[in-house]
Amino acid sequence: LLTEMKRFEDAREHFQLAADLLPNHAQLQYLLGTALAGEPGASNAARARECLSRAVNLSERAPRMLAATAQVLLRLGDIEEAGKLIEEALQKEQN
């Protein structure tokens, strides 16, 4: 994947096209958010958070999506929100 190669701008372009076609696809929103999080700039970080939040909600707050999103938020430096998502994922897994 382009994100694994740290080609975040190229990845973002591809994921954006796919997300435009399927805006309610949780995994695409997550991938777009991940690509945006890898690009520099506050506006990309803000857009990444929006996509990740949309992904979590579209997935009906699935534990795996919560945990994956928390990892990206940690990279963005949002430790508090990441912690909340991890706690929620753990609670859902225990139920």
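Whatever comes next refers back to the structure up there.
Residues numbered from 1 in each chain as written. Predicted model: local features only at pLDDT ≥ 70, side-chain atom pairs only at ≥ 80, totals over all residues. Heavy atoms only, no water.

Quick notes on the pattern of salt bridges
Applied cut-off: A pair is scored as a salt bridge if a Lys or Arg side-chain nitrogen falls within 4 Å of a carboxyl oxygen belonging to Asp or Glu. In DSSP terms, a helix is any run of H or I states spanning at least four residues, a strand is any run of E spanning at least two, and both are numbered starting from the N terminus.
This model, assessed by the stated rule, comprises five salt bridges. Between Arg61 and Glu88 there is a salt bridge, and its shortest N-O distance comes to 2.7 Å. Note that Arg61 is positioned in the loop between helix 3 (42–58) and helix 4 (63–75) and Glu88 in helix 5 (residues 79–94), a separation of 27 residues in sequence.

A few points about the nonpolar core
Defined as follows: Joining through side-chain atoms within 4.5 Å is the link that ties buried Ala, Val, Leu, Ile, Met, Phe, Trp, Tyr and Cys residues into a set, and such a set is a nonpolar core. Relative accessibility under 20% of the residue-type maximum defines a buried residue, over 50% an exposed one, and the middle range a partly exposed one, all with a 1.4 Å probe and only protein chains included.
Ranked by internal contacts, the top residues of the largest apolar core, which has 23 residues, are Tyr30, Leu32 and Met65. Among the secondary structure elements, those contributing two or more residues to this core are helix 1 (8–21), helix 2 (26–38), helix 3, helix 4 and helix 5.

Regarding helix 4
Where we set the bar: A helix's residues, less one, multiplied by 1.5 Å, set its expected span. Contacts: residue pairs with any heavy atoms within 4.5 Å of one another.
A rise of 1.5 Å per residue sets the reference length of helix 4, with its 13 residues, at 18 Å; its end C-alpha atoms lie 19 Å apart and thus fit the reference within 8%. Every buried residue of helix 4 is listed here: Met65, Leu66, Ala68, Thr69, Ala70, Val72 and Leu73. Packing partners of the buried residues in helix 4 comprise helix 2, helix 3 and helix 5.

Describing the packing of helix 4 against helix 5
Note the threshold: The axes used here are C-alpha line fits, helices contributing only the stretch in contact, and every angle between their N-to-C directions lies in the interval 0 to 180 degrees. Comment on the angle field: the value is read as roughly parallel under 35 degrees, roughly antiparallel over 145, roughly perpendicular from 65 to 115, and oblique elsewhere. Here a crossing is called left-handed whenever its near helix is offset anticlockwise from the far helix by less than a right angle, and right-handed whenever the offset is clockwise.
Two numbers describe how helix 4 lies on helix 5: the axes approach to 8 Å, and their chain directions differ by 160°. Classed by the angle they form, the pair helix 4 and helix 5 counts as roughly antiparallel. For helix 4 against helix 5, the interelement crossing comes out left-handed. Contacts from Pro63, Leu66, Ala67, Thr69, Ala70, Leu73 and Leu74 of helix 4 reach helix 5 at Ile79, Glu81, Ala82, Leu85, Ile86, Glu88, Ala89, Lys92 and Glu93.

Observations concerning unusual backbone geometry
The phi dihedral of Glu60 falls on the positive side, at around 60°, and the residue is not glycine. A relative accessible area of 68% places Glu60 in the exposed class. Phi at Arg61 is positive, roughly 60°, even though this residue is not glycine. Judged by its relative accessible area of 28%, Arg61 is partly exposed.

Description of the side chain of Thr69
With respect to the secondary-structure elements, Thr69 resides in helix 4. With relative accessibility at 2%, the residue Thr69 sits in the buried group. Residues in contact with Thr69, not counting those within four places in the same chain, are Tyr30, Leu52, Val56 and Leu85.

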